[in-house]
Amino acid sequence: GAGVSQTPSNKVTEKGKYVELRCDPISGHTALYWYRQSLGQGPEFLIYFQGTGAADDSGLPNDRFFAVRPEGSVSTLKIQRTERGDSAVYLCASITSGKQGHEQYFGPGTRLTVT
Amino acid sequence: GENVEQHPSTLSVQEGDSAVIKCTYSDSASNYFPWYKQELGKGPQLIIDIRSNVGEKKDQRIAVTLNKTAKHFSLHITETQPEDSAVYFCAHLNSGYSTLTFGKGTMLLVSP
């Protein structure tokens, strides 16, 4: 079956602009995670959804970042007034409920470059 | 907060040699420890994981060991092959059992 998909694969935007990054999780997976990965670093947690609601958004760096998952499937990460420091790869992962442990399946990521 | 230290940051080996990557963590309540492999331009891929009720787990050329008393766990790759070249990340599940904290990664280079 299809894995986690993310669009666009690359996004270049100017400082101050608004961007939206999309994640399509594996069908049937109820939990969805967003991470940010800077060059030479491991993924850093931003927010996760259980169904439609954000169960934990403690990793969002500030109020310019927001994410939604209105129907419990596709999620959109929104960044307002982008800054050069927002440049990174944004990763999405999903997990099916009921599984033992915490086996997250990652998408390929969206590389965001803010100029 | 939770913290994961991963060493070494880079590791170069000859094809056929073994490679070992080590991680230490601080959250004593952690009970799930996965390892991910990330190739250039791709997302991380789960390669093996271990839960705190076991001390070692093996899957073909890959093994993971866990020492909960010392709060460290290690990835062992035997008979390395050039296609094992990638960045490897350790992680652990936080005590709230909802999110993973990742190490900074180890770039493994396997020379033919």
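Above this text sits the structure in question.
Since the structure is predicted, the reported quantities are computational estimates derived from the model, not experimental observations.

Visitor: So what exactly am I meant to see when it comes to the pairing of strand β1 (residues 4-7) of chain B here?
Guide: Where a strand is regular, its side chains alternate between the two sheet faces. Residues and elements named next belong to chain B. Across the two faces of β1 the burial differs, with Val 4 and Gln 6 buried and Glu 5 and His 7 not buried at all. Examined bridge by bridge, β1 and strand β3 (residues 19-25) share four bridges and lie antiparallel to one another. By the bridge assignment for β3, Gln 6 is matched with Cys 23.

Visitor: Where do I start with the environment of Ile 62 of chain B in this structure?
Guide: Residues and elements named next belong to chain B. Examined against the element boundaries, Ile 62 turns out to sit in strand β7 (residues 62-67). The sequence separation of Ile 62 and Leu 75 amounts to 13 residues, and the corresponding C-alpha distance is 7.2 Å. Setting aside chain neighbours within four positions, we find Ile 62 in contact with Ile 47, Ile 48, Lys 57, Leu 75, His 76 and Ile 77.

Visitor: Looking at this structure, I do not really get the packing of aromatic side chains. What am I missing?
Guide: The description of two aromatic rings rests on the distance between their centres and on the angle between their planes. Evaluated as defined, the whole model comprises 12 aromatic pairs over all chains. Between Tyr 33 of chain A and Tyr 48 of chain A the ring centres are 4.7 Å apart and the planes differ by 10°, which places this aromatic pair in the stacked class. Of the two residues, Tyr 33 of chain A is situated in strand β4 (residues 31-37) and Tyr 48 of chain A in strand β5 (residues 44-50); the sequence distance between them amounts to 15 residues. In this pair, the class of Tyr 33 of chain A matches that of Tyr 48 of chain A, namely buried. On the numbers, 6.3 Å between centres and 75° between planes, the contact of Tyr 35 of chain A with Phe 45 of chain A is edge-to-face. Pair noted here: Tyr 35 of chain A is in strand β4 and Phe 45 of chain A is in strand β5, with a separation of 10 residues, a long-range link. As far as the burial class goes, Tyr 35 of chain A and Phe 45 of chain A line up, both buried. Cluster of aromatic residues (ring-pair linked, three or more members): Tyr 33, Tyr 35, Phe 45, Tyr 48 and Phe 106 of chain A together with Tyr 36 and Phe 102 of chain B.

About the thresholds
- Residues numbered from 1 in each chain as written.
- Chains lettered and ligands numbered in written order.
- Predicted model: local features only at pLDDT ≥ 70, side-chain atom pairs only at ≥ 80, totals over all residues.
- Heavy atoms only, no water.
- Buried < 20%, exposed > 50% of the residue type's maximum accessible area, 1.4 Å probe, protein only.
- Helix = DSSP H or I, 4+ residues; strand = E, 2+ residues; numbered from the N terminus.
- Pairing = 2+ DSSP bridges.
- Contact = heavy atoms within 4.5 Å.
- Phe/Tyr/Trp six-rings, centres within 6.5 Å; stacked < 30°, edge-to-face > 60°.

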